[in-house]
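# Commentary on secondary and tertiary structure
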Protein chains: 2
Amino acid sequence: MKLYVIGLGPGDDAMMTAEALRAIGDSDCIVGYGVYIDLIRHLTEGKEILMTPMKQELARCRMAVEAAASGKTVAMVSSGDAGIYGMAGLIYEVLAEYTDADVQVKVIPGITAACSAAAVLGAPLTHDFAVISLSDLLTPWENIEKRLRLAAEAGFVMAIYNPASKKRADYLKKACRIVSEHLPPHTPCGVVRNIGRAGQESAVLTLKELEEYPADMFTTVIIGNRTTKVIDGKLITPRGYRGVDGGE
Amino acid sequence: MKLYVIGLGPGDDAMMTAEALRAIGDSDCIVGYGVYIDLIRHLTEGKEILMTPMKQELARCRMAVEAAASGKTVAMVSSGDAGIYGMAGLIYEVLAEYTDADVQVKVIPGITAACSAAAVLGAPLTHDFAVISLSDLLTPWENIEKRLRLAAEAGFVMAIYNPASKKRADYLKKACRIVSEHLPPHTPCGVVRNIGRAGQESAVLTLKELEEYPADMFTTVIIGNRTTKVIDGKLITPRGYRGVDGGE
């Protein structure tokens, strides 16, 4: 009947919305990748749990739609915001295949990593910014490269998702070199690992230093623009209220 | 002592995080623009309220820092995420002026309009996107124009904040014309007004139709890219799980 597509935020209950918590509570069945289910294991007592491994996104969405079509209230969960590099789009695409199913989808937004990383680092996103994933599993690398280049040229601060994985160890370095065509090596940047979870780490560093940072799949990266600065160890992009233009 | 900079999300308590609610509860003093204070009036009983009119951002931040420096626990609130076109950056800048003050700042992120609007419209932000404000109060219009043009060229979906005001009635139309250099007139777009508040309205429309949409300062606009499509009235940018590249 009802299919909630829920963004859990970074993972800690305190950073979920009341709406997300309530929808999980109302659901008979929780669907998700194991790592996300583990984040809310304590909220799932007595509920049916449906999991698929990574890279089984399509199967997972079909599972969720079928469970909802069978009359259950279903919560499909993921970290961050379910609408940002998340499952919300695929759920709608899959639902369109089930023309007879009476399923109402409700997307419940969550705190995405750009926002939670920015809050840890200071206030780097107070002006225009771009969100870019370095994963080339689903996107040709040339497209990613083009976006990095144009985003730097446009003066966007960048929030970089999926900066690296075991197979893509040097992608962040490649990305740094591309944006360096438009940004000086001392441009302030920041990294946050395991946001809102045990073992959270963060650092403010220069674009040149970022090239060598050992990012992993739990890292979110912020690349500043020409106005971004470091104040008392915090990464700040001025909005311009003090007469400093927040543009380029 | 403690200064929380809190994003309230769209306005409804259900879309605030538990962390935001707890920080408001812990605070002696709430600082904000009147419209934001009104969103949480029911949570402020017995607390000191400090307000300034719009365009008094610097004065408001000084008020908040001074209250915290005097030993109070202070919550500076704004809608959406306090780090996105919000006060978080200015708070850090102002704090640096008060070299003797012992004030600990904590930014508590909230659901920003890009995320909440996307959830209402469907799933338009499941791939790379750019967030752009059309307000030229603090940014020269040429910079805004350049960012719109390069974002469209890069294939970013765009979330447009501050698309219009009384003085800037035609800015959305100007923006649509600029991105039309790179996007066809039938490109799917969406608008949401008063997200999560009384009188919420939304529409899915083409880029050509968006030109004539009477946006106001409570409207968030999404401009799709070449892969964005409409499925059963919902605005969807495929991530690529079905073999359709989410890029351009």
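In the nomenclature of an unreviewed UniProt entry, chain A corresponds to Precorrin-3B C(17)-methyltransferase from the organism Fumia xinanensis. Quoted verbatim from the Pathway (unreviewed entry) field of the UniProt record, the comment on chain A reads "Cofactor biosynthesis; adenosylcobalamin biosynthesis."

## What to know about helix α1 (residues 18–26) of chain A
All names here are of chain A. Looking only at α1, the buried set comprises Glu 19, Ala 20, Ala 23 and Ile 24. On an axial view of α1, the arc spanned by its buried residues comes to 135 degrees, and they lie on one face. Those residues of α1 that are buried lie in contact with β1 (2–7), β2 (29–33) and β5 (104–108).

## Structural notes on the UniProt feature "domain: Tetrapyrrole methylase" (unreviewed entry) in chain A
The UniProt feature table records "domain: Tetrapyrrole methylase" (unreviewed entry) at residues 2–210 of chain A. Counted over residues 2–210 of chain A, helix gives 34% and strand 24%. Its end C-alpha atoms are 44 Å apart.

## As for the packing of helix α6 (residues 141–154) of chain B against helix α7 (residues 171–179) of chain B
Residues and elements named next belong to chain B. Packing of α6 against α7 brings their axes to within 8 Å, and their N-to-C directions diverge by 40 degrees. With respect to each other, α6 and α7 are oriented oblique. Like other packed secondary-structure pairs, α6 and α7 cross with a definite hand, here right-handed. Across the interface between the two elements, Trp 141, Glu 145, Leu 148, Arg 149 and Ala 152 of α6 pack against Tyr 171, Lys 174, Ala 175, Ile 178 and Val 179 of α7. Class assignment for the residues of the contact of α6 with α7 results in 7 nonpolar, no polar and 3 charged.

## Observations regarding the interface of chain B and chain A
Contact residues are listed per partner, giving 71 residues for chain B and 71 residues for chain A. For the pair chain B and chain A, the summed buried area comes to about 6,200 Å², and 60% of that belongs to carbon and sulfur atoms. Our count for the chain B to chain A interface comes out at 4 salt bridges. The salt bridge involving Arg147(A) is made with Asp128(B); its shortest N-O contact spans 2.9 Å. Here chain B is connected to chain A by 27 residue pairs in polar contact (both at pLDDT 80 or more). Take the side of chain B that touches chain A: its biggest share by element is 7 residues, from α6(B). The residue inventory of the side of chain B that touches chain A, partitioned by class, reads 34 nonpolar, 19 polar and 18 charged.

## Some thoughts on the side chain of Ser116(B)
Assignment of secondary structure puts Ser116(B) in helix α5 (residues 113–121). Judged by relative accessible area, Ser116(B) falls into the buried class, the value being 4%. Those residues in contact with Ser116(B) that sit more than four places away from it in its chain are Pro109(A), Pro10(B), Met15(B), Ile111(B) and Ile195(B).

## Observations regarding the side chain of Arg193(B)
Residues and elements named next belong to chain B. Of note, Arg 193 is situated in strand β9 (residues 188–193). Within the structure, the side chain of Arg 193 is placed 2.8 Å from the side chain of Asp 216, a separation counted as a polar contact. When residues no more than four places from it in sequence are discounted, the contact partners of Arg 193 are Gly 199, Gln 200, Glu 201, Tyr 213, Asp 216, Phe 218 and Thr 219.

## Quick notes on the sheet that holds strand β13 (residues 234–236) of chain B
Residue and element names in this part refer to chain B. The strand order across the open sheet formed by 3 strands is β6-β13-β12, and the pairing between neighbours is mixed. Unpaired on one side and paired on the other, β6 (122–123) and β12 (229–231) mark the two borders of the sheet. Sheet topology note: the β6/β13 ladder contains 2 bridges and is parallel. When the sheet's bridge partners are listed, Ala 123 is paired in β13 with Ile 236.

Each value, and the rule that gives it
- Residues numbered from 1 in each chain as written.
- Chains lettered and ligands numbered in written order.
- Predicted model: local features only at pLDDT ≥ 70, side-chain atom pairs only at ≥ 80, totals over all residues.
- Heavy atoms only, no water.
- UniProt positions renumbered as here; feature names shortened; annotations may be inferred.
- Buried < 20%, exposed > 50% of the residue type's maximum accessible area, 1.4 Å probe, protein only.
- Helix = DSSP H or I, 4+ residues; strand = E, 2+ residues; numbered from the N terminus.
- Arc of directions from axis to C-beta.
- Contact = heavy atoms within 4.5 Å.
- Axes fitted to C-alpha atoms, helices over the stretch in contact; angles between N-to-C directions.
- Parallel < 35°, antiparallel > 145°, perpendicular 65-115°, else oblique.
- Left-handed = near helix turned anticlockwise from the far one by under 90°.
- Nonpolar A, V, L, I, M, F, W, Y, C, P; charged D, E, K, R; others polar.
- Buried area = accessible area lost by both parts, 1.4 Å probe.
- Salt bridge = Lys/Arg side-chain N within 4 Å of Asp/Glu carboxyl O.
- Polar contact = N/O pair within 3.5 Å; in protein donor to acceptor, adjacent residues only side chain to side chain.
- Pairing = 2+ DSSP bridges.

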